[in-house]
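Structure at a glance
Each chain, letter by letter, is given below.
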Amino acid sequence: MKFEVYQIIVPLASLGFVFNLFRRFLKSKASWQEAALGAAFWLSVGIFALFPDAISTALADLFGIKSNINAIIFFCLGLIFFFQYKLFFMLKKSQMATTELTRKITLQQAEKEDLQS
Amino acid sequence: MIPPEQIWIIIPAYNEGPVIEQVVSKVRESGFPNILVINDGSKDDTAQQARSAGAKVLSHPINRGAGAAAQTGLSYARRRGWLYVVQIDADGQHHPEDIYRLVKMQKESNADIILGSRFLEPSPGIPPTRILYNRISNILTNTFCRRSYSDTQTGFRMLNHRAIRNLRLRLDGFGYCSEMIVQAEEKGLTIAEAPIQVTYTDYSLNKGQDLVMGITTAVDLLWKLLFYPSKMK
């Protein structure tokens, strides 16, 4: 079996990311759910880089997609939409928290001024 | 008739330095002495101008949007136990004497919220783009309402103590206009409409919602209505 350069670089990089996640988990900088999800993602990327044809063909057969290239494109699009949704959700949550904090500060300040006057 | 002293006029304002003093003065001249300006993190002298015109001013440390400013006004009204508030826009498009039309409608209908509608007796000079934008917003909002309203995006509204006590707005931007109506119906508050006049100037046209902002507002509202219906209650 002949390996291309990317088939060495990508799995090594994936292992690096998994190692980094594990370190963050040990330092309590990441929850176990975060670490597990991240490790699963990067291990999948590493394994996919090692066996791209076999995995993409299996995916294409599983979902009834014509070719393995199409399967990769659909899979990547799905992944992008998922991350887009996650980012949008996080953004909305952080915007709501910022507004809440802003309003709290304003009302506290107003209360102080009312007590002084 | 409700005495004007019992009514607080709430004006959410962002970078309205050039006009806010005039807007506050006109409201005072119309017979309403109690004015609260919510300065939504303006970078200009909006707060000073409003204060010098005789308004009480609450300032957001950073800009959070018209909805956030309106909610701060309502929270403050709740804390102070105010009985009635009228919210108007800070860009000078509304005529303060129309507050009396809302007050009259409130007395006649005993509704909890009175919407000042620009389209019951349409003022001349409303730009066609505004009419189109408002029609689209009306369709979108009325889809989620039991009743149909002629101007769901109006910034001219009167709320009584029941509405002040029960409403909890969560949308930061202009989507709060629709959110207030949908939430009010969910909470069993009653809504009526009264005709108002508006005067659009180049200044006020530049301050309102444009198409991009309108689309963002619609997405925000739909996101909340479809994915977080409980948060609209």
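For every chain, the first residue of the written sequence is number 1, and numbering continues from 1 onward in sequence order. The order in which chains are written sets their letters, starting at A; the order in which ligands are written sets their numbers, starting at 1. In keeping with the predicted nature of the model, local features appear solely for residues at pLDDT of at least 70, side-chain atom pairs appear and are counted solely at 80 or more, and the whole-chain, interface and lining totals rest on all residues. With hydrogens and water stripped out, all remaining heavy atoms of the structure feed into the side-chain values.

Despite not being glycine, Ser28(A) shows a phi value in the positive range, around 60°. Secondary structure elements follow DSSP: runs of H or I of four or more residues count as helices, runs of E of two or more count as strands, with numbering from the N terminus. By the element assignment, Ser28(A) lies in the loop between α1 (6–26) and α2 (32–50). Among the residues examined, Ser28(A) registers a relative accessible area of 64% and is labelled exposed. The backbone of Asn15(B) shows a phi angle near 50°, a positive value even though the residue is not glycine. Here Asn15(B) is to be found in the loop between β1 (7–13) and α1 (17–29). A simple rule labels every residue: compare its accessible area, found with a 1.4 Å probe on the protein chains alone, to the largest value its type can have, and call it buried under 20%, exposed over 50%, or partly exposed in between.

Between rings of Phe, Tyr and Trp, where Trp is taken as its six-membered ring, a pair exists when centres lie within 6.5 Å; planes separated by under 30 degrees are stacked, by over 60 edge-to-face, and by other angles tilted. Evaluated as defined, the whole model comprises 8 aromatic pairs over all chains. Between Trp8(B) and Trp82(B), the ring centres sit 4.0 Å apart and the planes meet at 5°, which makes this aromatic pair stacked. Note that Trp8(B) is positioned in strand β1 and Trp82(B) in the loop between α3 (66–80) and β4 (84–87), a separation of 74 residues in sequence. For Trp8(B), a relative accessible area of 17% corresponds to the buried category. These aromatic residues form a ring-pair network of at least three members: Phe17(A), Phe41(A), Trp42(A), Phe82(A) and Phe83(A).

This paragraph deals with the pairing of β1(B). Residue and element names in this part refer to chain B. Of all 7 residues in β1, 7 are buried; the element is thus mostly enclosed. Here β1 shows no split at all, with Ile7, Ile9, Ile11 and Ala13 on one side and Trp8, Ile10 and Pro12 on the other all buried. Of the strand pairs in this sheet, β1 and β4 are connected by 4 bridges, and their pairing is parallel. Its bridge partner being in β4, isoleucine 9 is matched across the sheet by valine 86. Strands pair, by our definition, only if DSSP identifies at least two bridges between them. As defined by bridge partners, β1 adjoins strand β2 (residues 35–40) across 5 bridges and the pair is classed as parallel. Bridging across to β2, proline 12 finds its partner in isoleucine 38. Considered for its hand, the β-α-β crossover made up of β1, α1 and β2 is right-handed. Note on handedness: a clockwise path from strand one over the helix to strand two, with the strands aimed away from the viewer, defines a right-handed crossover.

As a further point, take helix α4 (residues 99–109) of chain B. Residues and elements named next belong to chain B. Three or more residues of α4 are buried, namely Ile99, Leu102, Val103 and Gln106. The arc enclosing the buried residues of α4, seen along the axis, measures out at 100°, which places them on a common side. Two residues or fewer past α4, asparagine 110 is found with a positive phi of approximately 55°. Each C-beta atom gives one direction from the helix axis, and the arc is the one those directions make.

To describe two helices that pack against each other, one gives the angle between their axes and the distance between the axes. Residues and elements named next belong to chain A. Relative to each other, helix α3 (residues 52–63) and helix α4 (residues 68–116) sit at 80°, their axes nearing to 8 Å. The pairing of α3 with α4 is recorded here as roughly perpendicular in orientation. Contact with α3, carried on its side by Asp53, Ser56, Thr57, Leu59 and Ala60, involves Asn68, Ala71 and Ile72 of α4 and no other residues of that element. Throughout, the ten residues Ala, Val, Leu, Ile, Met, Phe, Trp, Tyr, Cys and Pro are labelled nonpolar, Asp, Glu, Lys and Arg are labelled charged, and all others, Gly among them, are labelled polar. Looking at side-chain class alone, the contact of α3 with α4 contains 4 nonpolar, 3 polar and 1 charged residues. Axis definition: a line fitted to C-alpha atoms, limited for helices to the stretch in contact. Angles are taken between N-to-C directions and run from 0 to 180 degrees. Any angle that falls under 35 degrees is termed roughly parallel, while one over 145 is termed roughly antiparallel, one within 65 to 115 roughly perpendicular, and all others oblique. In what follows, a contact means two residues having at least one pair of non-hydrogen atoms within 4.5 Å.

Within a predicted model, pLDDT stands for the predictor's per-residue confidence, ranging from 0 to 100. Per-residue confidence for chain A gives a mean pLDDT of 91, with 99% of residues at or over 70. Confidence, read as mean pLDDT per element, is least for α3(A) in chain A (89) and greatest for α1(A) (93).

To continue, consider the interface of chain A and chain B. Each side of the interface is counted separately: chain A has 17 residues, and chain B has 22 residues. Counting the surface lost from both chain A and chain B, the interface buries some 1700 Å², and carbon and sulfur atoms represent 60% of this. The largest share of the area that chain A buries against chain B comes from Arg103(A), Thr106(A) and Leu107(A), three residues that together contribute 30% of it. Within this document, salt bridges are pairs made up of a side-chain nitrogen of Lys or Arg and a carboxyl oxygen of Asp or Glu, the two lying within 4 Å of each other. Remark: the boundary between chain A and chain B carries 3 salt bridges. As a salt-bridge pair, Asp114(A) and Arg80(B) come within 3.4 Å of each other at their nearest N and O atoms. The definition of a polar contact used here is a pair of N or O atoms within 3.5 Å, where within protein one atom must be able to donate a hydrogen and the other to accept one, and adjacent residues in sequence count solely through side-chain atom pairs. The interface formed by chain A and chain B holds 11 residue pairs in polar contact (both at pLDDT 80 or more) in total. Classifying every residue of the side of chain A that touches chain B by side-chain character gives 7 nonpolar, 5 polar and 5 charged. In this description, buried area is defined as the sum, over both parts, of the accessible area (probe of 1.4 Å) that is lost when the two are combined.

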